[in-house]
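One-letter residues, chain by chain:
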Amino acid sequence: MIPGRGLLLLAGTLLAAGLVGALLPALAPLWPWMAAGAAFIGIVDAALVWRLTPPRCERQVPGSLSLATWASVGIELSNDSESQTIVAQVYDHHPATVIARGLPQNVRIAPGRFALLSYEVRPVERGPMSFERCECRLRSPLRLWWRRVRVGEATPVRTYPNYSAISKLLAYEVDNRIQAAGLRLSRRRGEGIEFHQLRDYRDGDGISSIDWKATARVSRLITREYQEERDQQVVFLLDAGRRMLAQDDELGHFDHALNGMLLMSFVALRQGDSVGVMTIADKRTWLPPKKGIGTINSLLNHVYDVQPKPIDVDYIGAATDIATRQRRRSLIVILTNAREEDSHDLRTATSLLRRRHLVIVASLREQILDQALEQPVNEFNEALRYAATSRYLGLRRESQNILRSQGVYVEDCLCHELPAAITNRYLAIKRAGAL
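Quantities reported herein were computed from a predicted structural model and do not represent experimental measurements.

Each value, and the rule that gives it
- Residues numbered from 1 in each chain as written.
- Predicted model: local features only at pLDDT ≥ 70, side-chain atom pairs only at ≥ 80, totals over all residues.
- Heavy atoms only, no water.
- Helix = DSSP H or I, 4+ residues; strand = E, 2+ residues; numbered from the N terminus.
- Polar contact = N/O pair within 3.5 Å; in protein donor to acceptor, adjacent residues only side chain to side chain.
- Contact = heavy atoms within 4.5 Å.
- Axes fitted to C-alpha atoms, helices over the stretch in contact; angles between N-to-C directions.
- Left-handed = near helix turned anticlockwise from the far one by under 90°.
- Nonpolar A, V, L, I, M, F, W, Y, C, P; charged D, E, K, R; others polar.
- Salt bridge = Lys/Arg side-chain N within 4 Å of Asp/Glu carboxyl O.
- Buried < 20%, exposed > 50% of the residue type's maximum accessible area, 1.4 Å probe, protein only.
- Expected span 1.5 Å × (residues − 1).
- Arc of directions from axis to C-beta.
- Pairing = 2+ DSSP bridges.
- Parallel < 35°, antiparallel > 145°, perpendicular 65-115°, else oblique.
- Phe/Tyr/Trp six-rings, centres within 6.5 Å; stacked < 30°, edge-to-face > 60°.

Locating Ser81 in the fold gives a position in the loop between strand S4 (71-78) and strand S5 (86-91). At 3.2 Å, the side chain of Ser81 forms a polar contact with the backbone nitrogen of Ser83. Separated by 3.0 Å, the side chain of Ser81 and the backbone nitrogen of Gln84 make a polar contact. Each residue touching Ser81, except ones within four places of it in the same chain, is listed here: Pro111 and Gly112.

Moving on, we come to the packing of helix H6 (residues 253-270) against helix H12 (residues 418-432). In the contact formed by H6 and H12, the axes pass within 8 Å of each other and the chain directions differ by 35 degrees. The chirality of how H6 crosses H12 is right-handed. Facing His256, Ala257, Asn259, Gly260, Met261, Leu263, Met264, Val267 and Ala268 of H6, the residues of H12 in contact are Leu418, Pro419, Ile422, Thr423, Tyr426 and Leu427. Within the contact of H6 with H12, the residues separate by chemical class into eleven nonpolar, four polar and no charged.

The next thing to look at is the pattern of salt bridges. The final tally for this structure, using the stated rule, is 20 salt bridges. Notably, a salt bridge pairs Arg137 with Glu135, separated by 3.2 Å at the nearest N-O pair. We classify Glu135 as buried; its relative accessible area is 4%. For Asp321, the salt bridge is made with Arg284, and the minimal N-O distance between the two is 3.6 Å. Note that Asp321 is positioned in helix H8 (residues 315-325) and Arg284 in strand S19 (residues 284-290), a separation of 37 residues in sequence. A residue is classified by how much of its surface remains accessible, and Asp321, at 18% relative accessible area, is buried. Linked by salt bridges that have partners in common, Arg284, Asp314, Asp321 and Arg325 make up one network.

Under the 1.5 Å per step criterion, the end-to-end length of helix H1 (residues 5-23) is 27 Å for 19 residues, consistent within 8% with the ideal 27 Å. The complete set of buried residues in H1 reads Gly6, Leu7, Leu14, Ala17 and Gly21. The arc that holds every buried residue of H1, seen down its axis, measures 100 degrees, which confines them to one face. Away from its buried face, by an angle of more than 90 degrees, H1 presents the exposed residues Arg5, Leu8, Leu9, Leu15, Leu19, Ala22 and Leu23. Taken together, the buried residues of H1 touch strand S1 (2-3), helix H2 (30-51) and strand S11 (145-151).

Relative to strand S8 (residues 114-123), S4 runs antiparallel, the two sharing eight bridges. Note on S8: the bridge partner recorded for Ser72 is Glu120. As judged from the four bridges shared by strand S6 (residues 98-101) and S8, these two strands associate in the antiparallel manner. Bridging from a neighbouring strand, Arg101 pairs with Glu120 of S8.

This paragraph deals with the environment of Ser265. Here Ser265 is to be found in helix H6. Judged by relative accessible area, Ser265 falls into the buried class, the value being 0%. Residues Ser265 and Trp50, spaced 215 residues apart in sequence, show a C-alpha to C-alpha distance of 57 Å. If we skip the residues at most four places from it in the chain, Ser265 touches Phe236, Val275, Ile296 and Leu299.

The next thing to look at is the packing of H8 against helix H9 (residues 343-353). Contact geometry for H8 and H9: axes closest at 8 Å, N-to-C directions at 10 degrees. Judged by the angle between their axes, H8 and H9 are roughly parallel. Contact residues: H8 offers Tyr315, Ile316, Ala319, Thr320 and Ile322, while H9 offers Asp345, Leu346, Thr348, Ala349, Leu352 and Leu353. Of the residues belonging to the contact of H8 with H9, the class tally is eight nonpolar, two polar and one charged.

One turn of an α-helix holds 3.6 residues; hence residues three or four places apart share an orientation. Taken together, the buried positions of H9 are occupied by Ser343, Leu346, Ala349, Thr350 and Leu353. Relative to the axis of H9, the buried residues are bounded by an arc of 130 degrees and lie together on one face. Those residues of H9 that are buried are in contact with H8, strand S20 (331-336), strand S21 (358-364) and helix H11 (380-405).

With that settled, consider the packing of aromatic side chains. Both the distance between ring centres and the angle between the ring planes are used here to describe each pair of aromatic rings. Evaluation of the coordinates by the stated rule reveals one aromatic pair. When the ring of Tyr160 is compared with that of Tyr304, the centres are 5.1 Å apart and the planes differ by 45 degrees; the resulting orientation is tilted. Placement of Tyr160 in strand S12 (residues 155-160) and of Tyr304 in the loop between helix H7 (295-303) and H8 is noted, with a sequence separation of 144 residues between them. Taking the relative accessible area as the measure of exposure, Tyr160 reaches 9% and is therefore buried. What makes Tyr304 buried here is its relative accessible area of 7%.

Let us look at the environment of Gln247. Among the structural elements, Gln247 can be located in strand S16 (residues 247-248). Each C-alpha atom of the pair Gln247 and Ile207 lies 53 Å from the other, and the pair is 40 residues apart in sequence. For Gln247, the contacting residues outside a window of four places in its chain are Gly252 and His253.

Further remarks concern the sheet that holds S5. Within the open sheet, the five strands sit side by side as S1-S11-S10-S5-S7. Their pairing is antiparallel. With partners counted over all chains shown, the strands left at the sheet margins are S1 and strand S7 (105-109), one partner each. Sheet topology note: the S5/strand S10 (residues 134-139) ladder contains four bridges and is antiparallel. Paired with Tyr91 across the strands is Glu135, a residue of S10. The strands touched by H2 within the sheet are S10 and S11, with S11 carrying the most contacts at an inclination of about 20 degrees.

Treat this as a map of the structure, not an account of what it does.
Below is the structure:
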C-alpha cells in the first residue's frame, strides 16, 4: 500500500488542527476525535481498495525487436468486476536495456469493460530479454491509498541487429532497391560473366555482343546477354573482441559491423550467392554458407546474442579455422577495427586466406579521429592532439597499404559508411569476375 495525495492532505489537516489546538486550549479536546475519525476513514478506504479485484492483463509485444528502432507495445486491461470501477496507474516492467516512452499511464475501467494502452520501446542492446509482469497501482475510492499489484505474465523477446535497412530495400523494385541504399549496381547489356539469354539487338548494344550465328539463322540482329556469375560463396569473419567495443553515436562498432554484414548478405543472397559467418572472440561460432533469402533469418538468429568482449582476437587462428572449414574458393570479408599494432597478425592471416580465397578487410574508423583533425589548433594541447591523431592515422594507412600491395581489398571507413562500402566492393568484384 502506498499513501496517496488525499492521505497526505488529511495528515496535513490534522497537523494544522493540532497547532490550532496548541494555540487555543479550548479546542484541544476536539483533536483526538478528529484523529480517530481520520484513522477510521483511512482504514475503511484501505479495506475498500484491498477488496478491489485486480484487472486481467494481456501484453502484445512483437516476438522480435530491432536494435535502436522504436516498436509499439500494447497492454489490454480487463475489469471482470460487475460493480467496481477500477482507477489505476499502469507501469510496465520493460527490460532495462530498452528506452521506453509513454509510461506510466492513467486508466479508468468501468465494470465489465476493458482498456487498451500502448507505449513505445527502443532497444539499445541486442540479445534475449524479458518484459516482467505489469504493475498496476489501484486507487482507493477516497483517493487516500494506492494498492500495488502485479498482473499478467512475463513476455520473453529477442532483440536482433538493426534490419531496418533490409526492410526498406524490400519496399522497392529490384533495380531500385540497391540504389536506394547507396549501392551502385547496374546490369550492363551484353556484358557480364555468366551467359543469361539471347535477345533482339537494341540501340546501345556493342558490336562484340552480337551473336552472328544466331543472327544468320533468323536474319535479324541477335545479342548475347550476360549476368554476374551466381552460386558463389561469401563468408564474414566478424571480430567480437575489444576493438569492437568502441562506440560511435549510441551503437558500438560491433553493432555497426552487424548492420553492414546484414545489408551485404541480403544483396549477395539476392544475387544467388551463399552467405556464412564466423565470429571470433574468446570462442568462435560458425555458420556455414547457405543460399536463399531465408538465410537472413539464420544469420540473425546466429549473431543476435553475440556480444563483443574486452579481449584480443586471434586473427591467425580464425584464418586457419576458416581455411580448414571453407575449402571452396570464397570471398572472405573481415569486419574489424584494426590498429597498427594488429598489422602483423592481420597480414599473416590474410596471406593464409589468400592462398585460396579473395579477401576484403573492412576496418572501422572512430569518428572522433576525423573530428580531432577538423578542430582548430589554438593551444599547445590541441597541437599535441592533432599531431598524435595524424601520426596514428598515418600508421594506420601504412599498414593498410601493405595489405593492398598483397592483393587484399581494404575498406577504411566510418561506421555509417560501412554497409554501402563493403556492398559496393562486393558488387564490383562480381562485375569484374575476380571471384
